[in-house]
Amino acid sequence: MNAKTGKIKAAMLGAALTLGAAPQAMAEGMDYETVSDLLHLVINSDRTVYTRMIVNRLANEEGVIKASEHFIDDKALVLPAQMFRFGAEMVAEETDAFSYSLLSLWPINKQNAPATPLEEEGLTFVAENPGENFYGEEELGGTTYFTAVYADVAVAAACTSCHNDHKDSPRTDFEGGDVMGGVVIRIPIDG
């Protein structure tokens, strides 16, 4: 299989997985790491496109409209982190085959801080090991989960300026390409 065919197949599978087909993929012999990697490919691609082509272009480069955490009151664009959360909440309403969240060791919103020891370990690992992902298992509420953590990297000036300029940001020295947090994907492991 050539690289283009492989990417198309991965994107199609990733799209199927986002629709709740993770258990079927596992039944067909895909391991949890591969499934979570494909889910992340779709999630990260959508997040990057929204950040670069919508928020950064319209708010930072062209100044057409601003992006704001108070987007309704301000008649502004939804921030990339909020768009991410809205998507994760919508997926959670549709399936329990997997979940995902955006967390950080330096969260502006405290609800986005690590809540489990494995989240803390994974976020620390991806921050200290650029380009590497973190995988582990944890038990939450009586269910064992495969948990993967992927670096969330500042892909545009919109990322760094938002975090560096926010009054509640515990870190204000982010630069392009810095790890700002992590995407956490959880898949329940069948007993």
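Residues numbered from 1 in each chain as written. Predicted model: local features only at pLDDT ≥ 70, side-chain atom pairs only at ≥ 80, totals over all residues. Heavy atoms only, no water.

Draft legend 1. The sheet that holds strand 1 (residues 99-103), seen in detail. A sheet is described by the order of its strands in space; here 4 strands give the open sequence 1-4-3-2, paired in antiparallel fashion. Strands at the two margins of the open sheet, each flanked by one partner only, are strand 1 and strand 2 (134-140). Taking the axes of each pair of neighbouring strands and ignoring which way they run, one obtains an average angle of 25 degrees across the sheet. As paired elements, strand 2 and strand 3 (residues 143-153) share 7 bridges and run antiparallel to each other. Bridge pairing in strand 3 places Glu139 opposite Thr144. Strands in contact with helix 4 (residues 80-94) are strand 1 and strand 4 (179-188); relative to strand 1, the strand with the most contacts, it is inclined by about 160 degrees. Across the sheet, helix 5 (residues 117-128) lies against strand 1, strand 2, strand 3 and strand 4, angled at about 170 degrees from strand 2, the strand it touches most. (Pairing = 2+ DSSP bridges. Helix = DSSP H or I, 4+ residues; strand = E, 2+ residues; numbered from the N terminus. Axes fitted to C-alpha atoms, helices over the stretch in contact; angles between N-to-C directions. Contact = heavy atoms within 4.5 Å.)

Draft legend 2. Representation of the environment of Thr147 in the model. Structurally, the position occupied by Thr147 is in strand 3. Judged by its relative accessible area of 0%, Thr147 is buried. With sequence-adjacent residues up to four places away left out, Thr147 is seen in contact with Leu118, Phe134, Tyr135, Gly136, Glu138, Val184, Ile185 and Arg186. There is a polar contact of 2.9 Å between the side chain of Thr147 and the side chain of Glu138. (Buried < 20%, exposed > 50% of the residue type's maximum accessible area, 1.4 Å probe, protein only. Polar contact = N/O pair within 3.5 Å; in protein donor to acceptor, adjacent residues only side chain to side chain.)

Draft legend 3. How the structure looks around helix 2 (residues 32-61). By the largest-angle criterion, Val55 marks the main kink of helix 2, which is about 40 degrees. Between the side-chain oxygen of the N-cap and the backbone nitrogen of Glu33 there are 3.3 Å, and the N-cap of helix 2 in question is Asp31. Downstream of helix 2 by one or two residues, Gly63 has phi in the positive range, about 60 degrees. (Bend = angle between axes of the 7 residues up to and from the residue.)

Draft legend 4. View of the nonpolar core. Core analysis: the largest hydrophobic core is formed by 16 residues, its most contacted members being Leu39, Phe84, Phe98, Tyr100, Val183, Ile185 and Ile187. When contributions to this core are tallied by element, the ones reaching two or more residues are helix 2, helix 4, strand 1, strand 3 and strand 4. Grouped together as the second largest cluster of nonpolar side chains are 9 residues, Leu118, Leu123, Val179 and Val184 included. (Core = buried A, V, L, I, M, F, W, Y, C linked by side-chain atoms within 4.5 Å.)

Draft legend 5. Molecular detail of the packing of helix 2 against helix 4. Helix 4 packs onto helix 2 with a crossing angle of 145 degrees between their chain directions and a minimal axis gap of 10 Å. Crossing handedness for the pair helix 2 and helix 4: right-handed. Contact residues: helix 2 offers Ile43, Arg47, Tyr50, Thr51 and Val55, while helix 4 offers Pro80, Ala81, Met83 and Phe84. Of the residues that constitute the contact of helix 2 with helix 4, the class distribution is 7 nonpolar, 1 polar and 1 charged. (Left-handed = near helix turned anticlockwise from the far one by under 90°. Nonpolar A, V, L, I, M, F, W, Y, C, P; charged D, E, K, R; others polar.)

Draft legend 6. Structural detail: helix 5. For helix 5, with 12 residues, the first-to-last C-alpha span of 17 Å sits near the 16 Å given by 1.5 Å per residue. Packing partners of the buried residues in helix 5 comprise strand 1, strand 2, strand 3 and strand 4. (Expected span 1.5 Å × (residues − 1).)

Draft legend 7. View of the packing of helix 2 against helix 6 (residues 157-165). Between helix 2 and helix 6, whose axes approach to 9 Å, the crossing angle comes to 65 degrees. Along its contact with helix 2, which presents Thr51, Val55, Asn56 and Asn60, the element helix 6 presents Ala157, Ala158, Cys159 and Ser161. Looking at side-chain class alone, the contact of helix 2 with helix 6 contains 4 nonpolar, 4 polar and no charged residues.

Any functional reading would require information that these geometric values do not contain.
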